[in-house]
Each structure stands twice: as structure tokens, then as C-alpha cells.
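Understanding the architecture of this molecule
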Amino acid sequence: MSLNKKTALEIGQMIKNKEISSVEATKEMLDNIRAKDEKVNAYVTVLADEAIAQAEEVQAKIEKGDVTSPLAGVPMAIKDNICTRDILTTCGSHMLYNFKPPYNATVSDKLAKNGAVVLGKLNMDEFAMGGSTETSYFGPTGNPWDITRVPGGSSGGSAAAVAARECTYALGSDTGGSIRQPCSFCGVSGIKPTYGAVSRYGLVAFASSLDQIGPVGRDIKDCAEVLTMISGHDPKDSTSIKRAAFDFSGCFDGDLKGMKIGIPVNYFGKGLDEDVKKPVLEAAETLKKLGAEIEEFTMDIVDYAVPTYYVLACAEASSNLSRYDGIKYGYRRKDCEDLMEVYYTSRNEGFGMEVKRRIMLGSFVLSSGYYDAYYKKGLQIRGLIKKSFDEAFEKYDMILSPVAPTTAYKIGENSSDPLKMYLGDIYTVSINLAGIPAVSIPCGFGKNGMPVGLQLIGNVFDEPKLVRAAYAFQKTTDFHTKMPEMVQEGGNK
Amino acid sequence: MTIQEKLLTYIEENTGIELTESLAEDVTLRLNMILDLIGYSEGTAETAAESKKAVNVAETGIDDDLIKYLEELSRLSLTPEEEERAKDDLTKILGYIDMLNEIDTTDVEDMSHPFPYTNNFREDEVKPSTDRELILKNAPQQKDGCFKVPTTVE
């Protein structure tokens, strides 16, 4: 049986109905990984035997009625910056090439409790710093739609694995667009939740005030189910918000009457590819036909989001990554004469160039003499960005925009120009700065055949509104059901 | 670089005029006259440059001293090639970030966290911590239940 066309929830239902066992579903995904991952390189670690053993265990629990989650027994995979006990968690870095966490991230525990079967750990830009999954120590991931192109990043492995049907759904993380942009590039759906909605305990820290874990899936319904599973207060994360897990049960009627959607006109100006602009504006028309009111407005301050983001994210990164000293875990340069040499050489050989660049930029903006001009200024503009979102949400239920200015580009095309790479984050970083949620769903294809994503941005904890709109859109369109050629070929067995 | 050399490079880079030896001499002569007139000396210039460093880096770029300082702050030791690349990239990035100065932020409050945020304290209960052996499993080197490092005290 081919599960290629099934969503995670459909597979979960099939397991409940005994049409297929968790072990069979897991074996099929492992077959897909064997067939495709040599090309795609979505996985850093594949847990072939462990996954089958886990599936057997979960299957028994399902049969006894001990696990009742709609996704129980469904095989999935986890981005490699989320800690999994005794399972390699590399962050795509030489620095953590051998790191096996002694504990589970809270989300890993929640997955286990709900009977998820973990197929492996997914590739990513080193320490989640990048938008193309090219900076991984374990080699770049290819886009299943065209293997010579990037899958986006930093959760490129997560989006590519879902698109290539090498897993049914995945967890990613989003600091400045790292879930949404790869979803756009690979034609899959994803949610960047409200800051504090999902516990960050066990997520390897990049920029702590911006990082959030979220789902990547074949459609928004799968993503909503996964978000329900992983959200909720966690005493182990002091920034986790005291609030119950999400309930999306009332969001799937396809009705958008009375919903007000704002379109920031300055998101559609210079720098946006026609290939992206067209399907995104057509998507707005579709939502209008479904009953939503669409109105244009301006939001000038977001033009300053990218420089603000890089000041703040790098500042936080330089501080967070100071923990890698070659002493307690991870890479250590051998035969050092003294402690300073251990620090300097281990860090220099353990980190890749993009990570070093960001650590140095962060050290710079925090250093004496520059702090006020850069870091403090960044924090102030962050406040202004948040304020302009607050104002927009007084008028609109949500904001509609592109996810990225282009479709997936060729591997190597932008990797030598960091600034050009940073500008690719123009539509996504302001969401993290403001701490608000956004979804990315497929809304068409460019002339090059590459998928295009639509971003819907909501106010704090307005995920249900976003899911409602995204579901209504997917109910009347079929972009999210399209599959790359490599899947169609492999799917006719 | 002396101020005379700086001016010559500045002229060449910004006007595209190639300075012949006699032209260069002429420019230097005139500059020296101006410098004499205002009582300039290299020493005073350096102190002034030091105090102005913070505001000017976006224009002047990252120089050798600053990149070495950033390496030290970051506990990194780049190769000469990496240093050149980092200088170039960081100068470009900072030049771009400079656009933040277009926005007036007088009286705007800092926002370091997405929400008004108070610390979430847990109950002060005694709970078992992670086993020492488990933690040490990841240590690059260990001895007698401790992390081992090179000699730090003679």
C-alpha cells in the first residue's frame, strides 16, 4: 500500500481502523527514506530498528486502548536541534557531531506520550542559522521538487522530508522564518506558533526571545493536530505561557464570513518576484470568494525588520553559543596545551563560517561603545514593530503576505553573499520579533515549477483563526496535494 | 596609515582619478599646509578617532584591530583568509544595519521580550537531578567523575 497521498491524520485513522498497523506504516516510510534520502539528504540520523521497535510497542498500546491520540502510531521525524534522549542531536554542527542528550525536550516527551513513532533526526542549517540548509556540517539537503535547488531553511530537512514522503509530519523550529520559508520552498504546510505557546525546554537555543518549535505537515489540519499535541504550559520553560493547549475543533467548517484580512502593500513592492506575487494575490482573491473581507494597508516599519532581527538574533546567539567550550560535551580539539587553547581551537574548528560570523556580529553589537547604537536601538525598533502589528490587529483578524521574495533557488547560488541571504527573510522575521503566530501554506507554483507559499499572520494566540482560514483555503484548492515527481515515481508500487 | 596616505587613497577611490607622483606630491603639500594651519598632529588624531569609533564604524568598516578584538570576545581564532572574509562581510552587514538610524527612537522603550514578562518560579521542591554518569557520557575527556581539562594552575 502506498501512503504517499495520505495525511498523518488519515494514517492515524487507518491504524485505528486496523487497515494498517503502525509497524507497516513505519516500514513504508523507512523504505521511502532508503529510496530517496541518498538524493535528498533530509536526515542526519535514521532510526530504522528503533522506529520499528517503537512502532510495535505503540501498536500494542493502541490495541489495549492505552494510547488514543489521533496521531498514535504515525511515523514522523524531528529537527536535529530538538533534544532526544540518547539519540544524536547535532544541530547540523561539527560542534555537536557526537552529542547524545541525557534528557528529552518537553516536545519529545509529549510526542512519546501520544504514541508518535520517531523515524529519525532531520538536517538543518548549522544551529538553525541560515535559510537554505546549506550550512549544515552534514551536507546540504536537496529540494524534492528539484534536487539541484535548496529546500529553504533552517528547517530544510523537516520540509524536504515531508515533501518527499520520507515522514508523515515533522517538527521544526522557527527563529526568523525557519519553519515557514522551507514550507514555502517545498510546498508543504507549517505553523510558527505564538511565542511561549510551545515549550522550548530541550530546544538547542539560538535566539531565546525569538525561537519557537512548530509543526510541518502535508496540510494545515495535520499541523493543527500536532500543535495541539505539543503546546501548553511547561514549568521547565520559564517563558512558557500559563495557558491550556490549543483546541482547533471548531476551525474546520470552511466558513470565512466576517473575517477581515489586511494586505500590507509594502510587502508587495520592489524585490518580490512576479512568480511569487501572482499566486499570493490570487490566494487573496480565493479567500475573498470564501467570504473574507480584504483590505490593503501600509506598515512601513517592517522595512526595518531585517536589520533589527540580525542585531537582536546575533546578540542572543553570541551569548547562547558561549556555552560551547569543548569541555562538557561536543567537539574538543585534541592535544591542547592550556584551557584558552581548548576554547579557541575547539570553537574555531567546531563552528562553521556563518555561525562564527553571527557570533562576532553579536559580540560587536553588545560590546562596550556599540551597545547603545546597535543593541539598544534594535530593542527599541522591535517595540515599534510590535506596536504597528498591534495597530493592524485592531482593524484586521489577520494579515496576508508572501513567505519569501522568491521560490527555491539553486544550491550555491546565494551562499557566498550573507547579506543577500538575510534579505530573503524580509517577510518572516518581523513575526518573531513581535512574538505572534503565522502559518505558511502552498498557494501555487512559479514558472520554474517550484512551489510558492502564502503567509497568514495572526495576533497573539490567534492560531485558531489562522487554522480556520488556512483550512478553508485548502478545502477549495489542491496546491497542498501536489507531489514532486520523485514521489509520484516511487508511489506506484 | 598616515592622514596624508588616507587622503590620497580617498581621492583615488572616490573620484577615479589616478594620482601620478607629481599630483600626489602636490596634494600632500597642500594638505600639510592646512594641517599646519590647524595645529594637527597624528597623536591627537588617534585619541579623537578612538572616541569616535563607536559612531563611525558603519562608514569606516571593520579594521584589523576590531576584528581581532571581536575574535577575542567571541573566543574564536580565525585563519587570515577567514579574517579577511569576516571583515568584508561584517562591514557590509553593518553598513546595511546602519539604516536603523533613519528611525527616531527618542523616548521609545526597549523591548527585549515579546510580552510583559515576569519570572515563572517553580515550587522549591527537592527532586533528583540527572545522574553524574549520564552527564559525563558526553564529556570529551573525564577523570574520577569530573570533566578533565589541560593543566590550568602550575
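Residues numbered from 1 in each chain as written. Chains lettered and ligands numbered in written order. Predicted model: local features only at pLDDT ≥ 70, side-chain atom pairs only at ≥ 80, totals over all residues. Heavy atoms only, no water.

Thoughts on the overall build of chain B
Here is the rule: Labels follow the DSSP assignment, with helices taken as runs of H or I lasting at least four residues and strands as runs of E lasting at least two, numbered in each case from the N terminus. Relative accessibility under 20% of the residue-type maximum defines a buried residue, over 50% an exposed one, and the middle range a partly exposed one, all with a 1.4 Å probe and only protein chains included. Here a residue-residue contact requires only that any non-hydrogen atoms of the pair lie within 4.5 Å. A 1.4 Å probe and the Shrake-Rupley method give the accessible areas. Residues count as covered only by the protein chains that appear here.
Across its full length, chain B holds six helices and two strands. Put simply, chain B runs from its N terminus to its C terminus through helices and strands in the order α-α-α-α-α-α-β-β. Within chain B, the proportion of its 154 residues that are buried is 27%. Considering only intrachain contacts with a sequence separation of at least 6, the fraction spanning at least 24 residues in chain B is 37%. Accessible surface, chain B: about 11,600 Å² in total, of which carbon and sulfur atoms supply 51%.

Focus: the domain arrangement of chain B
Convention followed: Note that the domain bounds reflect an automated or database-derived domain assignment.
What the domain assignment lists for chain B is domain 1 (1-40) and domain 2 (57-100). Distance from the C-alpha centre of domain 1 of chain B to the C-alpha centre of domain 2 of chain B: 27 Å.

Let's talk about the side chain of A:Ser346
All names here are of chain A. For clarity, the cut-off: Pairs of N or O atoms are called polar contacts if they sit within 3.5 Å, as long as, within protein, a hydrogen donor faces a hydrogen acceptor (for residues adjacent in sequence, only side-chain-to-side-chain pairs).
Along the polypeptide, Ser 346 turns up in helix H10 (residues 339-350). Residue class for Ser 346 comes out buried when judged on its relative accessible area of 0%. Within the local environment of Ser 346, its side chain forms a polar contact with the backbone oxygen of Val 342, the two atoms lying 2.6 Å apart. Look past the residues within four positions of Ser 346 in its chain and what remains in contact with it is Met 95, Gly 326, Tyr 331, Arg 332, Arg 333 and Glu 341.

Notes on the packing of helix H8 (residues 274-289) of chain A against helix H15 (residues 463-476) of chain A
Residues and elements named next belong to chain A. This is how the line gets drawn: Lines fitted to C-alpha atoms define the axes here, with helix axes fitted over just the stretch in contact, and angles between the N-to-C directions of these axes take values from 0 to 180 degrees. Roughly parallel means an angle under 35 degrees; roughly antiparallel, over 145; roughly perpendicular, 65 to 115; everything else is oblique. Each residue gets one label: Ala, Val, Leu, Ile, Met, Phe, Trp, Tyr, Cys and Pro are nonpolar, Asp, Glu, Lys and Arg are charged, and the others, such as Gly, are polar.
At a closest axis distance of 10 Å, the pairing of H8 and H15 adopts a crossing angle of 95°. Judged by the inter-axis angle, H8 sits roughly perpendicular to H15. Mapping the contact onto sequence places Ala 283, Thr 286 and Leu 287 in H8 and Ala 469, Phe 473 and Thr 476 in H15. Class assignment for the residues of the contact of H8 with H15 results in four nonpolar, two polar and no charged.

Some points on the interface of chain A and chain B
Our working rule: Once two parts are joined, some of their accessible surface, as seen by a 1.4 Å probe, is lost; buried area is that loss totalled over both. Take a side-chain nitrogen of Lys or Arg and a carboxyl oxygen of Asp or Glu: if they are within 4 Å of each other, that pair is a salt bridge.
Facing 70 residues of chain A, the contacting portion of chain B comprises 58 residues. With both sides pooled, the region where chain A packs onto chain B buries about 5,700 Å², and carbon together with sulfur makes up 66% of that total. Inspection of the chain A/chain B interface yields three salt bridges. As a salt-bridge pair, A:Lys376 and B:Asp110 come within 3.3 Å of each other at their nearest N and O atoms. Across the chain A-chain B interface, the total number found is 18 residue pairs in polar contact (both at pLDDT 80 or more).

Remarks on the environment of A:Gly115
Residue and element names in this part refer to chain A. Relative to the assigned elements, Gly 115 resides in the loop between helix H4 (106-113) and strand S3 (117-122). Remark: the alpha-carbon pair of Gly 115 and Arg 85, spanning 30 residues in sequence, is separated by 16 Å. The contact partners of Gly 115, leaving out residues within four places of it in the chain, are Val 58, Val 67, Leu 71, Ala 72, Gly 73 and Val 74.

Description of the sheet that holds strand S6 (residues 212-217) of chain A
Residues and elements named next belong to chain A. To keep things clear, this is the line we draw: Two strands qualify as a pair provided DSSP detects at least 2 bridges between them.
Pairing is mixed in the open sheet, where 11 strands are placed in the order S1-S3-S2-S4-S6-S5-S10-S11-S9-S7-S8. Strand pairing shows two members of the sheet lacking a second neighbour, strand S1 (43-46) and strand S8 (293-297), which therefore form its edges. Within the sheet, the average angular offset between the axes of one strand and its neighbour, ignoring direction, is 30°. With four bridges joining them, strand S2 (residues 75-79) and S3 adopt parallel strand pairing. Bridging across to S3, Pro 75 finds its partner in Val 117. Strands S1, S2 and S3 of the sheet are contacted by helix H2 (residues 22-40), whose axis makes an angle of about 20° with S3.

Notes on the pattern of salt bridges
Residues and elements named next belong to chain A. Summed over all chains, the structure comprises 27 salt bridges over all chains. Here Asp 237 ties to Arg 200 by a salt bridge, and the two come within 3.8 Å at their closest N and O atoms. Taken together, the residues Asp 237 in the loop between helix H7 (220-230) and strand S7 (260-264) and Arg 200 in the loop between strand S5 (189-192) and S6 connect sequence positions 37 residues apart. By relative accessible area, Arg 200 is classed as buried at 14%. Between Lys 482 and Asp 478 there is a salt bridge; the shortest N-O distance is 3.4 Å.

Describing the packing of H2(A) against helix H3 (residues 48-64) of chain A
All names here are of chain A. Stated formally: By definition, turning the near helix anticlockwise from the far helix through less than a right angle yields a left-handed crossing, and turning it clockwise yields a right-handed one.
The geometry of H2 relative to H3 is characterised by a closest axis approach of 8 Å and an angle of 160° between their N-to-C directions. What the angle tells us is that H2 and H3 run roughly antiparallel. Crossing handedness for the pair H2 and H3: right-handed. Judged by residue contacts, Ser 22, Val 23, Thr 26, Lys 27, Leu 30 and Arg 34 of H2 engage Ala 48, Ala 51, Ile 52, Ala 55, Glu 56 and Gln 59 from H3. Residue composition of the contact of H2 with H3, grouped by class: six nonpolar, three polar and three charged.

Here we look at the environment of A:Lys410
Residue and element names in this part refer to chain A. Positionally, Lys 410 belongs in the loop between strand S9 (398-402) and helix H13 (418-423). For the pair formed by Lys 410 and Pro 151, sequence separation is 259 residues and the distance between their alpha carbons is 9.5 Å. Apart from residues no more than four positions distant in its own chain, Lys 410 is found in contact with Asp 146, Thr 148, Arg 149 and Val 150.

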